[in-house]
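As a plain string of letters, each chain reads:
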Amino acid sequence: MKILVANLGSTSFKYRLFDIETETQLARGGIDRIGQPGAESECVVEIGEHRAERTQRVPDHAAAVQICLEQLTDPETGCLKDVSEVAAIGFKAVFAGELSGVREVNEELLVKMESLADVAPAHNPPYVRAMRELQAAFPNMPLVAALETGFHETIPAANRSYAVPYEWQEKYSIKRWGFHGASHRYIGQRMGELLGRDDLKIVSCHLGGSNSLCAQRGGVSQAATMGMTPQTGLPQNNRVGDFDPFALPVLMKATGKSLDELLAELSKQGGLLGLSGLSGDIRDLEQAAGEGHERAQLALDVFVSSIRQYLGAYMAVLEGIDAVVFTGGIGENSRYVRKHVCAGFEWAGLQLNEKLSEETGSVERSLAASGSRIDVWVVPTNEELVVARQTAKLIGGK
């Protein structure tokens, strides 16, 4: 069974093609600047050792998928004989409220995602638009949405409920939903395989363009830093993270700005970018801080401190942990972040081997010092493989 996994942006389409029987990645590719007036898109595909690039006008996501399928079925370089070999397209969708888990894309789901666009403004609108385009262009191709929130449905009420009027949760689904579910699910499963245990207590640290921690017991989510929306929890590259909502009326009076304007600033000009005034990219901040840029150092300090606070809290949630796992672009590559997050946790039995941690690269490896009671790992995530598995299971069951 071949599953195409789509990762969508408002003007981009990235994909991976899996043979799910062997869990082998057959191809990967991407197209950007979709639907941009007067702009040509760069279309890239990698199939085995073959890599091809070309530029052309791509009006919408349906056209992007059509280009992708043409590349995959090319008689000379493709890996498919016919489009019919693709059993379904799976999407790493973000938020549909109570319509969580893994679902076939239908009108009910799309309407729900549209109604919750304010919760995930950077994700829901482009996914809904693209899904509708693909439904029209490929009516016989099953489309499956693997919602990010599904992995966190196991979180106990004590760790999931806000202290708000109870009817808000009952009527309006105001609670900690948690996100990055595919990544945290993969890390939990992979650590069980690597250490040969099904009862591991771990904290998975997904650190990249957006960031979250998840407390897991036996691969099951027990707590997550992101809450009702992907804007909360740890500081993101340009999103605020945890923030007191009662500061908003103060800002509205002081600045004369509307609620919508302030929320836009918090979601686009906040986070590491807002603190530093320089960049939301950790690499830029590390370099600038090393050159004496005080606000870049402040952004790094706030970021590290937030991770450490949640890490300590999740040690308490799990009543001790077996491992801390770093993943994502920052988790896998930032020696600075790993070093400063782990520093000072010797009291808990966590000690990082700094020499091993100095090595960069997306390779699975343990970074714990000799004698550390808590293991420390770098494990590159594979969200697309998780979505492919979930998609194949759903359509296989039907």
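Residues numbered from 1 in each chain as written. Predicted model: local features only at pLDDT ≥ 70, side-chain atom pairs only at ≥ 80, totals over all residues. Heavy atoms only, no water.

To summarise the sheet geometry, strands pair through backbone hydrogen bonds and adopt either a parallel or an antiparallel arrangement. Taking strand neighbours across the sheet as the criterion, the eight strands line up as S5-S4-S3-S2-S1-S6-S8-S7 in an open arrangement whose pairing is mixed. Bordering the open sheet on either side are strand S5 (50-56) and strand S7 (102-104), each of which pairs with just one other strand. The mean inter-strand angle of the sheet, taken between neighbouring strand axes irrespective of direction, is 20°. Where S7 and strand S8 (residues 143-146) come together, three bridges link them in antiparallel fashion. Paired with Glu104 across the two strands is Val144, which belongs to S8. Running over the sheet, helix H3 (residues 124-137) touches strand S1 (2-8), strand S6 (86-91) and S8 and is turned about 140° from S1. (Pairing = 2+ DSSP bridges. Helix = DSSP H or I, 4+ residues; strand = E, 2+ residues; numbered from the N terminus. Axes fitted to C-alpha atoms, helices over the stretch in contact; angles between N-to-C directions. Contact = heavy atoms within 4.5 Å.)

Tallying each qualifying case throughout the model produces six aromatic pairs. When the ring of Phe13 is compared with that of Tyr15, the centres are 5.5 Å apart and the planes differ by 25°; the resulting orientation is stacked. Exposure remark for Phe13: the relative accessible area of 1% places this residue in the buried category. On the numbers, 6.4 Å between centres and 80° between planes, the contact of Phe91 with Tyr127 is edge-to-face. Of the two residues, Phe91 is situated in strand S6 and Tyr127 in helix H3; the sequence distance between them amounts to 36 residues. Taken as a pair, Phe91 and Tyr127 share a single burial class, namely buried. Members of the aromatic cluster, connected to one another through ring pairs, are Phe95, Trp177 and Phe179. If you follow Arg160 out to its NZ or CZ, it ends over the ring of Trp177, 5.0 Å from the centre. Positioned above the aromatic ring of Trp177, the side-chain terminus of Lys175 is 4.9 Å from the ring centre. (Phe/Tyr/Trp six-rings, centres within 6.5 Å; stacked < 30°, edge-to-face > 60°. Buried < 20%, exposed > 50% of the residue type's maximum accessible area, 1.4 Å probe, protein only. Lys NZ or Arg CZ within 6 Å of the ring centre and 35° of its normal.)

For strand S4 (residues 41-47) and S5, the ladder comprises seven bridges, and the chain directions are antiparallel. Bridge pairing in S5 links Glu46 to Arg51. Here S4 folds back onto S5, and the loop between the two strands holds two residues, one of which, Gly48, carries a positive phi near 65°.

With respect to the element layout, Val44 can be found in strand S4. As for Val44 and Leu272, which are separated by 228 residues in sequence, their C-alpha atoms are 31 Å apart. Contact partners of Val44, with chain neighbours within four places excluded, come to Tyr15, Arg28, Gly29, Gly30, Arg51, Ala52, Glu53 and Gln71.

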